[in-house]
Amino acid sequence: SSPTRSSPPEKLSFPLGEDMDQVEKSLANSDSFGLGIDDRNNSKRSKLSSSEKTEDSQVEVPVATVPAKSPAQFFLIDPSWTTKLVWDIYVMLVVLCDAMVLPFQLSFKNGMQLDAFDDFWFWLTTLTFSADIFASFDTALRDEEAEDVQDAVIVDRHVIAMTYLKGWFVLDFVSTVPWSRIVDSLSEGGGPMVTVAKLAKVLKFIRIVRLMKMLRAKKLKDIWEQVERRIGSVAIVQGMMLIRVLLVVVGICHWNACLFWIIGCEDSIVTDFLPTALKKEFDSMPHWTTIPRTKGLEEPWAWWNKPMFEQYIFCFYWTLGVMRTMPAEVTPVNLVERIFVLCFMFFALSAFAVSVASLTQAYFKISERGRSFNDEMFAIRMHLHKLKVEEHSQRKIKEYLHHKFTRRRIMAKEANLLKELPPVLQHEIDFAKNLQHLQHLSCMNHLSQSIKKQICLGVTSMDMLAGQIIATSGN
């Protein structure tokens, strides 16, 4: 079989002294195969002495400096901890859920008294966002400028605090403080803020400030990349992307369901800010939520009198129907509702097309590589059958190709991009790839990291057939 890379391995030179004796002794006693060093067959090669050392006889290996103390020793949170990743995922889930709960409260629960769920969700979000603010002040920062130190972090609390204050602190603080509860408590106390709080019913609108937390959703990209690294399975990642597209469709339907109910109500958070004359004119219009409807011999009824859960389910169903066609159960009955439905239909036309395309693409990506390999293997089987190749040879050919496919030697999308890397970065990838094999050799356990790196850079990984002779003793 041919080696996996076309260029010949670079000549390998080892440091002088005891390390060289150690390496040669370990390699001579090793009974493992599949890894070879250039010029290994030259048994007459003599050891290098100190007088023979030249510029080409040494490979300089940079030594990474390790910080004297870890973030935990400074009572700081390490950003690379799995616990920190789990916390970030939890906070973002609370942010996304809050973006679903708040529109529902402002539309379908407008004017109602707070129930047990509202109190629970208020304290959950307030405590979670407050704890996240304190955690941000106590989390070490990644040092992007330290190239020689892996996973380097900044542990200076002053730098951490100033970075956070100049970044996300204002947004986190404004969206975390319970402004509506504060204004509500001042109104109940009868203080000088009573008149200001009641002007234009600002109390209801202040709750929208919590939606500013959605701007932190841009952190989802960094969190998603960390999750991808820890999962390590292409099928699982593609399956999660399929679920993500479905959740986006659900989010669009939920938000429009809330907006459609607000537009169709005589009294809503929007009408509270209208001038008196304009509000009277809006109230005099017919609304789809209040016009009487009949079905068979039933008494006239209106959607306004239906249970809240049934109202929401209908609006959600109506929105999903508009994304495909126009439902006949409810039609807009005034100018405002027609303008809103017209705008949403233009948006739904493109959103539905993009969603269907994304769903189809995500679904086919789950098994795209496997389907392509099966198609090519079908052509291979037909070709071998046409040539009348013996059965045992056909089996070996198929097993060998399947082995290379599972090890991502062939039909791997990352191969094309990796070819564009400079030689320095390609050597780093070769080192990490070959080190996975060397770690299984007991003779390599006592070697230093620098020696292992030189061996990895002088090693070529090859795929061999089962039963194939790799080396003969004495040759």
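For clarity, every value in this text was computed on a predicted model and none was experimentally measured.

(A) Focus on the overall build of the protein chain. Assigned secondary structure in the protein chain consists of 18 helices and four strands. Counting all 475 residues of the protein chain, 30% fall into the buried class. If you sum the accessible surface of the protein chain, you get close to 30,900 Å²; carbon and sulfur atoms cover 62% of it.

(B) Looking closely at the UniProt feature "transmembrane region" (unreviewed entry) in the protein chain. The UniProt record marks residues 85-108, 241-263 and 339-364 with the feature "transmembrane region" (unreviewed entry), using the residue numbering of this structure. A distance of 35 Å separates the end C-alpha atoms of residues 85-108, which is 96% helix and 0% strand. Helix makes up 100% of residues 339-364 and strand 0%, and the two end C-alpha atoms of the span are 38 Å apart.

(C) Structural context of the nonpolar core. Counting residues in each nonpolar core, the largest one holds 25 residues, and the members touching the most others are Phe108, Phe260, Trp261, Trp288, Cys315, Trp318 and Val330. For this core, the secondary-structure elements that each account for two or more residues are helix H10 (234-264), helix H12 (308-322) and helix H13 (335-366). The element contributing the most residues to this core is H10, with eight residues. Membership of the second largest hydrophobic core comes to eleven residues, among which are Leu435, Leu447, Ile451 and Val459.

(D) View of the side chain of Arg293. Topologically, Arg293 is positioned in the loop between helix H11 (276-283) and H12. It is Glu337 that comes nearest to the buried, bridge-free Arg293 among opposite-charge side chains, at 7.4 Å. Of the polar contacts made by the side chain of Arg293, one reaches the backbone oxygen of Trp288; its length is 2.8 Å. Discounting residues that sit within four places of it in the chain, Arg293 has contacts with Trp288, Glu299, Pro300, Trp301, Trp303, Glu329 and Val330.

(E) Main features of unusual backbone geometry. Of note, the phi angle at Lys388 is positive, near 60°, even though the residue is not glycine. The residue Lys388 is located in the loop between helix H14 (368-387) and helix H15 (391-406) in this model. Among the residues examined, Lys388 registers a relative accessible area of 75% and is labelled exposed. The phi angle at Met411 is positive, at roughly 55°, despite the residue not being glycine. Examined against the element boundaries, Met411 turns out to sit in the loop between H15 and helix H16 (414-418). Exposure remark for Met411: the relative accessible area of 29% places this residue in the partly exposed category.

(F) The arrangement of the packing of helix H2 (residues 82-107) against helix H3 (residues 116-137) in detail. For the pair H2 and H3, the least separation of the axes is 11 Å and the interaxial angle reads 145°. Of the two elements, H2 crosses H3, and the hand of that crossing is left-handed. Where H2 approaches H3, its residues Trp87, Tyr90, Val91, Val94, Val95, Cys97, Asp98, Val101 and Gln105 are matched on the opposing element by Phe117, Asp118, Trp121, Leu124, Thr125, Thr128, Phe129, Ala131, Asp132 and Ala135.

(G) Just the environment of Trp303, in detail. Tracing the chain through its elements places Trp303 in the loop between H11 and H12. A relative accessible area of 9% places Trp303 in the buried class. For the pair Trp303 and Thr290, spaced 13 residues apart in the sequence, the C-alpha separation amounts to 6.4 Å. Residues contacting Trp303, with those up to four places away along its chain left out, are Trp261, Trp288, Thr289, Arg293, Glu310, Gln311, Phe314 and Val330.

(H) Expanded view of the packing of H2 against helix H9 (residues 220-231). At a closest axis distance of 11 Å, the pairing of H2 and H9 adopts a crossing angle of 135°. One finds that H2 runs oblique with respect to H9. For the element pair H2 and H9, the recorded crossing hand is left-handed. Between H2, through Thr82, Leu85, Asp88, Ile89, Met92 and Leu96, and H9, the contact on the second element is made entirely by Leu220, Ile223, Gln226, Val227 and Arg230. Grouping the amino acids of the contact of H2 with H9 by side-chain chemistry returns seven nonpolar, two polar and two charged.

(I) Highlighting the packing of aromatic side chains. According to the stated counting rule, one finds 23 aromatic pairs in the structure shown. Both rings, one in Phe137 and one in Tyr164, keep their centres 4.9 Å apart while their planes meet at 90°; by these two values the pair is edge-to-face. Of this pair, Phe137 sits in helix H3 while Tyr164 sits in helix H4 (residues 157-166); the two residues are 27 residues apart in sequence, bridging distant segments of the chain. With a relative accessible area of 8%, Tyr164 lands in the buried category. Summarising the aromatic geometry, the rings of Trp301 and Trp303 are spaced 5.2 Å apart at their centres and angled 85° between planes, so their arrangement reads as edge-to-face. One Lys or Arg, Lys306, reaches over the ring of Trp301 and ends 4.5 Å from the middle of that ring. Positioned over the ring face of Phe405 is Arg369, at 3.9 Å from the centre of the ring.

(J) Structural detail: a nonpolar patch on the surface. A grouping of Ile89, Leu93, Leu96 and Leu220 is seen on the molecular surface, where their side chains present a nonpolar patch of about 290 Å² in accessible area. Take the nonpolar patch: its biggest share by element is three residues, from H2. If you trace the backbone, Leu96 turns up in helix H2. The exposure class assigned to Leu96 is partly exposed, which follows from its relative accessible area of 32%.

(K) Representation of the confidence of the model for the protein chain in the model. On average, the protein chain scores 76 in pLDDT, and the residues at 70 or more come to 75%. Within the model, pLDDT remains below 50 along residues 1-20, and this stretch shows 49 contacts once partners closer than five positions in the same chain are excluded. Every residue in residues 26-68 scores below 50 in pLDDT, and together they form 57 contacts with partners more than four places removed in sequence or on other chains.

Reading guide: rules and limits
- Residues numbered from 1 in each chain as written.
- Predicted model: local features only at pLDDT ≥ 70, side-chain atom pairs only at ≥ 80, totals over all residues.
- Heavy atoms only, no water.
- Helix = DSSP H or I, 4+ residues; strand = E, 2+ residues; numbered from the N terminus.
- Buried < 20%, exposed > 50% of the residue type's maximum accessible area, 1.4 Å probe, protein only.
- Areas by Shrake-Rupley, 256 points an atom, 1.4 Å probe, with all protein chains shown as cover.
- UniProt positions renumbered as here; feature names shortened; annotations may be inferred.
- Core = buried A, V, L, I, M, F, W, Y, C linked by side-chain atoms within 4.5 Å.
- Lys, Arg positive; Asp, Glu negative; His and termini not counted.
- Salt bridge = Lys/Arg side-chain N within 4 Å of Asp/Glu carboxyl O.
- Polar contact = N/O pair within 3.5 Å; in protein donor to acceptor, adjacent residues only side chain to side chain.
- Contact = heavy atoms within 4.5 Å.
- Axes fitted to C-alpha atoms, helices over the stretch in contact; angles between N-to-C directions.
- Left-handed = near helix turned anticlockwise from the far one by under 90°.
- Parallel < 35°, antiparallel > 145°, perpendicular 65-115°, else oblique.
- Nonpolar A, V, L, I, M, F, W, Y, C, P; charged D, E, K, R; others polar.
- Phe/Tyr/Trp six-rings, centres within 6.5 Å; stacked < 30°, edge-to-face > 60°.
- Lys NZ or Arg CZ within 6 Å of the ring centre and 35° of its normal.
- Patch = residues over 30% accessible without salt bridge, like charges linked within 9 Å, V, L, I, M, F, W, Y side chains within 5 Å.
- pLDDT = per-residue confidence, 0-100.

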